[in-house]
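Chain residues, written in single-letter form:
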Amino acid sequence: MTVLGIETSCDECAAAVVEDGKTILSNVVATQIPFHKEFSGVVPEIASRKHTEWIYGVVEEALLKAGKTPRNIDGVAATAHPGLVGSLLVGLTFAKAFAWATRVPFLACDHMLAHLYAARLCENNPEYPYIGLLVSGGHTIICRVDNFDTVEVLGTTIDDAVGEAFDKVAKHYGLGYPGGVYIDEAARKGDAGVFEFPMPNLHKGEHRCDVSYSGLKTAVVNQLEQFRKKGQAGSLNLCDLAASFQKTAVEILIRALLRACRDTGINTVVSGGGVAANSYLRSRLAQYETLNCVFPPLELCGDNGAMVAGLAYQYFARGGSSSFSETASARVKEFKRRYP
Ligand code: KG4
Ligand code: ZN
């Protein structure tokens with residue numbers, strides 16, 4: 001079964017053609033980063049306008065690269081939630097129109113389940129159950145995964161998402177956008193032992209494996225003020241700062257993750273989302289010999305259409321599809337045993 005997957009939840013306009021939920025025939029990602037860079041963050045109005053301008057060309061290129069025409073597509077899917085509603089609507093409406101015109105089934109996908117599916121587009125399919133580590137710009141979710149659509153949340157952030165903390169720290173210190181990429185790069189040249197940032201003390205979390213990032217973000221941002229007060233702002237080494245921040249951010253994740261593994265007795269961990277590209281997170285997790293950690297290839301960590309097409313195939317394969325009345329929503333639908 002050949003599925004076209006479309007992803008427009010944020011600032012990547014993406015489409016891909018995937019065979020049987022496994023073989024990527026094409027994966028086109030048109031990034032809007034240059035248009036949002038000067039604002040150090042995604043401007044929703046610019047994002048939706050660019051998606052509107054680009055979506056036709058991006059889908060056309062995905063079909064062309066896959067050597068397919070619309071008539072060869074057996075099912076079409078798009079991200080419906082969570083994300084920027086104006087952006088989601090572009091991909092979702094395009095997918096519905098495509099499905100209607102070609103008379104194939106349509107599926108409205110969840111973005112976080114798609115990120116979780118990305119690792120299954122590689123050679124080795126990890127066996128269920130496993131612990132999911134979903135780390136993106138908008139979400140931080142640690143969950144037990146029993147199937148592609150059967151997910152139980154064990155922990156989430158009580159404030160900022162981990163990617164958001166990377167982005168906000170990078171913005172404050174003018175390191176570049178998107179922040180995670182630049183912090184990862186700067187940290188490689190820095191000493192992670194120079195600054196000691198506090199680990200959060202979580203009392204009010206709903207889940208045992210919750211995390212928190214606003215305290216760390218504030219502590220890192222305040223360093224500049226402290227150096228300024230001493231008249232030493234110029235001597236603040238940003239590479240050391242980036243390395244120390246990144247180390248603490250990753251340790252927060254690992255502490256919650258290890259707890260999830262201990263509680264469930266599961267030691268396979270599958271990661272997904274933009275922050276899963278982080279080199280320190282990858283190398284740090286590799287140190288745990290008792291854990292089997294699976295990461296998607298770097299090009300499938302960030303937003304892409306292949307993960308949407310792959311996930312959708314699984315629904316189609318068991319006869320599922322969505323109605324055209326499914327619409328976009330900004331928030332993650334509540335994860336439950338059977339989802340969505
Ligand atoms: O999954 P994604 O592309 O979009 C969302 O669904 O949010 O994730 C984007 C996030 C941004 O916060 C970005 O700074 C972060 O992923 N990111 C990274 C790295 N590459 C991207 N964070 C840490 N290290 C990286 N190498
Ligand atoms: Zn994403």
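Residues numbered from 1 in each chain as written. Chains lettered and ligands numbered in written order. Predicted model: local features only at pLDDT ≥ 70, side-chain atom pairs only at ≥ 80, totals over all residues. Heavy atoms only, no water.

A closer look at unusual backbone geometry
Trans peptide bonds make up most of the peptide bonds, and negative phi angles are found at most residues other than glycine. The following threshold applies: The secondary structure listing takes helices from DSSP runs of H or I that are at least 4 residues long and strands from runs of E that are at least 2 residues long, numbered from the N terminus.
Omega for the peptide link from Tyr128 to Pro129 comes to -5°, which places this bond in the cis form. Between Tyr177 and Pro178 the backbone carries a cis peptide bond, its omega angle lying at 0°. Tracing the backbone shows Pro178 in the loop between α5 (162-172) and α6 (179-187). Backbone geometry places Asp20, a non-glycine residue, at a positive phi of 50°. Assignment of secondary structure puts Asp20 in the loop between β2 (12-19) and β3 (23-31).

Section: the coordination of the zinc ion (ligand 2)
Worth spelling out the cut-off: Excluding water, the donors of a metal are its N, O and S neighbours within 2.8 Å, or within 3.2 Å for Na, K and Ca, and that exclusion means sites may look incomplete. A 1.4 Å probe rolled over the protein chains alone gives each residue an accessible area, and that area as a share of the maximum for its type sets the label: buried under 20%, exposed over 50%, partly exposed in between.
Protein-derived coordination of the zinc ion (ligand 2) comes from His111 (NE2), His115 (NE2) and Asp303 (OD), at a distance range of 2.0 to 2.1 Å. Of note, the donors binding the zinc ion (ligand 2) are all from one chain and are spaced H-x3-H-x187-D. One end of the pair, His111, is in helix α4 (residues 111-117); the other, Asp303, is in the loop between β10 (292-294) and α10 (306-317), with 192 residues separating them in the sequence. When its relative accessible area of 6% is taken as the criterion, His111 is described as buried.

Some remarks on the side chain of Ser212
Counted only if it meets this: Nitrogen and oxygen atoms within 3.5 Å of one another constitute a polar contact, given that in protein one can donate a hydrogen and the other can accept it, and given that sequence-neighbouring residues count only through two side-chain atoms. The criterion used for residue contact is that any of the two residues' heavy atoms lie within 4.5 Å.
With respect to the helices and strands, Ser212 occurs in the loop between α6 and α7 (214-229). Owing to a relative accessible area of 9%, Ser212 belongs among the buried residues under this scheme. Within the structure, the side chain of Ser212 is placed 2.7 Å from the side chain of Asp159, a separation counted as a polar contact. The contacts of Ser212, once residues within four sequence positions are left out, are Thr157, Ile158, Asp159, Pro200, Leu202 and Ile252.

Some remarks on the domain arrangement of the protein
As a reminder of what qualifies: Here the bounds of each domain stem from an automatic or database domain assignment. When a carboxyl oxygen of Asp or Glu lies within 4 Å of a side-chain nitrogen of Lys or Arg, that pair is called a salt bridge.
Taken domain by domain, the protein consists of domain 1 (2-116 + 301-337) and domain 2 (126-295). Domain 1 puts 23 residues into the contact, and the matching count from domain 2 is 25 residues. Across the domain 1-domain 2 interface, the total number found is one salt bridge. Where domain 1 meets domain 2, there are six residue pairs in polar contact (both at pLDDT 80 or more).

Remarks on the environment of His207
Along the chain, the position of His207 falls in the loop between α6 and α7. Between the C-alpha atoms of His207 and Thr156, which are 51 residues apart in sequence, the distance is 7.4 Å. Apart from the residues within four sequence positions on either side, His207 is in contact with Val153, Leu154, Gly155 and Thr156.

Looking at the site of ligand 1
As a reminder of what qualifies: For this description, a residue counts as near a given molecule or strand if any of its non-hydrogen atoms is within 4 Å of it. The method behind every accessible area is Shrake-Rupley, applied with a 1.4 Å probe, and residues are considered shielded solely by the protein chains displayed. Under the scheme applied, nonpolar residues are Ala, Val, Leu, Ile, Met, Phe, Trp, Tyr, Cys and Pro; charged residues are Asp, Glu, Lys and Arg; polar residues are all the others, including Gly.
Residues in contact with ligand 1 amount to 19 residues; listed here are only the nearest, Gly137, Asp167, Gly180, Asp184 and Asn278. Residue Gly137 places a main-chain N or O atom 2.8 Å away from an oxygen atom belonging to ligand 1. When isolated, ligand 1 has an accessible area of 550 Å², and the protein chains bury 86% of it. For the shell around ligand 1, the secondary structure elements donating two or more residues are α4, α5 and α6. It is α6 that contributes the most residues to the shell around ligand 1, four residues altogether. Residues that form the shell around ligand 1 fall into these classes: four nonpolar, 12 polar and three charged. Three or more residues apiece are contributed to the shell around ligand 1 by two domains, here domain 1 (2-116 + 301-337) and domain 2 (126-295).

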